[in-house]
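# Chain and residue survey
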Amino acid sequence: MSTADDRTSEPPDLVLTGGRFALPEGVTDDGWVAVTGERITASGSGPAPAARERVDVGGSLVVPGFVDTHCHGGGGASFSTTDPADAARAVAAHLRHGTTTMLASLVSQPVPTLTSQISALTELVTDGLLAGVHLEGPFLAETRCGAHDPAVLREPDDDSVSALLDAGPVRMVTLAPELPGGIDAVRRIADRGVLAALGHTDARSERLREAVDAGATVATHLFNAMRPLHHREPGAVGALLDDDRVTVELICDLVHVHPDVVRLATRHAGPGRTTLITDAMSATSAPDGEYTLGALDVEVRDGVARIPGSGALAGSTLTMDSAFRNVVTTVGMSVADAVHATATRPARLLGLDREVGSLAAGLRADLVVLDDTLRTQRVMHVGQWVTRE
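The structure reproduced in this document is the subject of the present report. Just so you know, these numbers come straight off a predicted model, no measurement behind them. (Residues numbered from 1 in each chain as written. Predicted model: local features only at pLDDT ≥ 70, side-chain atom pairs only at ≥ 80, totals over all residues. Heavy atoms only, no water.)

## Overview of the sheet that holds strand S18 (residues 296-301)
Read across the sheet, 3 strands follow the order S17-S18-S19 without closing on themselves; strand pairing throughout is antiparallel. Two strands bound the open sheet, and with one partner strand each, they are strand S17 (289-293) and strand S19 (304-306). Between one strand and the next, the sheet's axes are offset by a mean angle of 35°, whatever the strand orientation. Bridge analysis of S17 against S18 gives 5 bridges, and the strand direction is antiparallel. Pairing of Leu293 across the sheet is with Leu296, part of S18. (Pairing = 2+ DSSP bridges. Helix = DSSP H or I, 4+ residues; strand = E, 2+ residues; numbered from the N terminus. Axes fitted to C-alpha atoms, helices over the stretch in contact; angles between N-to-C directions.)

Below is the structure:
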């Protein structure tokens, strides 16, 4: 059993019991979690302690709240906005599916537009609805731009990088290191304590290694929008997947990356370097139809978002509970490793592992109750139950 401390002998407000619990020490069939206020006060296996309220989860699986480091929107709303209410709607859509901590990802736009959007999102970061902002661009390779508007892409000059980092709570920046000034930009971003991520890049493996040496630590949606693996030129995929200093993002919607390739990547990177992301756009938890991603039109059919004409994938309509389910039931990852990829590792990447990411005593009471098909039944966020629609 793990306990926070012995400051009080008062019983906890709530104890969850009667199911499988993905505890820090492993998945157990007779686990329990105790909650008082906003915090987990204890967790363990075996007989549960007395509490003011006892909730039997009826054999369900209880996992930590999901942590998504790459998400553009949901519920019909986008983070690429200057209206905090729109952004809050996107947060709420993902919260209902178990994402209790997230970065707001912004697509490439002119620098003044991005600084305005960052400023608007600062309010949500201050209120605790967001953990920060992720800039996916505008320092991307035009040849690998994917669903980013090539007209707004630019080189990472000192003034642009400084303007964006100074605009608000930026926690991660994705860039293509082969651009003029790319390696210097990686170094400057890392020196500011911001995660430097490599993606939307056509760089060869040597350039990628140089960028990692300069401080880059994340591979943005590995395989997608980057130079592929070739047996005579490892490209971005080979260089980043094989570097122990790099955490790899994977979109496990079974569309962006084939399950066999997800399996190969996760086996090589291991739980210490694997994070699952949604890369979700505004159509997530919303009907098929016409949407926008930044300045580009997007068509969503059967839950798959594409740019009309080019057919390029434009983010996903994935939620983290679906990513968890896919990686366990289709890819074959263990529940414990899936918890690590959807909560523990991304929390550590953001430097938030003393606050979220596991069902450990002292951490925030964020958890998800999943049924026997790994679909979300209930979500607890900061000690309060969230009702799903």
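## Side note on the sheet that holds strand S15 (residues 247-251)
In spatial order, the strands read S7-S10-S11-S12-S13-S14-S15-S16; together these 8 strands make up an open sheet with parallel pairing. The open sheet has two edge strands with one neighbour each: strand S7 (66-68) and strand S16 (274-277). Pairing of strand S10 (residues 99-106) with strand S11 (residues 132-136) involves 4 bridges; the strand directions are parallel. In the strand pairing of S11, Leu106 is matched with Leu135. Helix-sheet contacts for helix H7 (residues 259-269) involve S15 and S16, and the interaxial angle to S15 is about 160°. Helix-sheet contacts for helix H8 (residues 320-329) involve S7, S10 and S16, and the interaxial angle to S7 is about 105°. (Contact = heavy atoms within 4.5 Å.)

## Overview of H8
Across the 10 residues of H8, 9 count as buried, placing the element largely inside the fold. The set of residues buried in H8 consists of Met320, Asp321, Ser322, Ala323, Phe324, Arg325, Asn326, Val327 and Val328. (Buried < 20%, exposed > 50% of the residue type's maximum accessible area, 1.4 Å probe, protein only.)

## Notes on helix H2 (residues 111-126)
The end-to-end C-alpha distance of H2, which contains 16 residues, comes to 22 Å, matching closely the 22 Å that a straight helix rising 1.5 Å per residue would cover. When the local axis directions of H2 are compared, the greatest deviation, roughly 25°, occurs at Ala120. Residues of H2 that are buried include every one of Val111, Leu114, Gln117, Ile118, Ala120, Leu121 and Leu124, and no others. Its buried side turned inward, H2 meets helix H1 (84-95), S10, S11, helix H3 (158-165) and strand S12 (170-175). (Expected span 1.5 Å × (residues − 1). Bend = angle between axes of the 7 residues up to and from the residue.)

## As for the nonpolar core
Grouped together as the largest cluster of nonpolar side chains are 81 residues, with contacts concentrated most on Val63, Phe79, Leu198, Leu222, Leu240, Phe324 and Val327. With near-sequence residues (within four places) excluded, Phe324 lies in contact with Leu61, Val63, Phe66, Val335, Ala338, Val339, Thr342, Leu370 and Leu374. If you look at the next biggest cluster of nonpolar residues, it comprises 15 residues, including Leu16, Phe21, Leu23 and Val369. (Core = buried A, V, L, I, M, F, W, Y, C linked by side-chain atoms within 4.5 Å.)

## Observations concerning the packing of H3 against helix H4 (residues 182-191)
Packed helices, taken two at a time, are described by their axes: the angle between them and the distance between them. In contact at an axis separation of 11 Å, H3 and H4 are set at 25° when each is read in the N-to-C sense. It follows from the interaxial angle that H3 and H4 lie roughly parallel. Where H3 crosses over H4, the handedness of that crossing is right-handed. Residue-level contacts link Asp158, Val161, Ser162 and Leu165 of H3 to Ala185, Arg188 and Ile189 of H4. The class makeup of the residues in the contact of H3 with H4 is 4 nonpolar, 1 polar and 2 charged. (Parallel < 35°, antiparallel > 145°, perpendicular 65-115°, else oblique. Left-handed = near helix turned anticlockwise from the far one by under 90°. Nonpolar A, V, L, I, M, F, W, Y, C, P; charged D, E, K, R; others polar.)

## Here's the deal with the pairing of strand S4 (residues 39-45)
As judged from the 6 bridges shared by strand S3 (residues 26-36) and S4, these two strands associate in the antiparallel manner. What sits directly across from Ala34, in S4, is Ala42.

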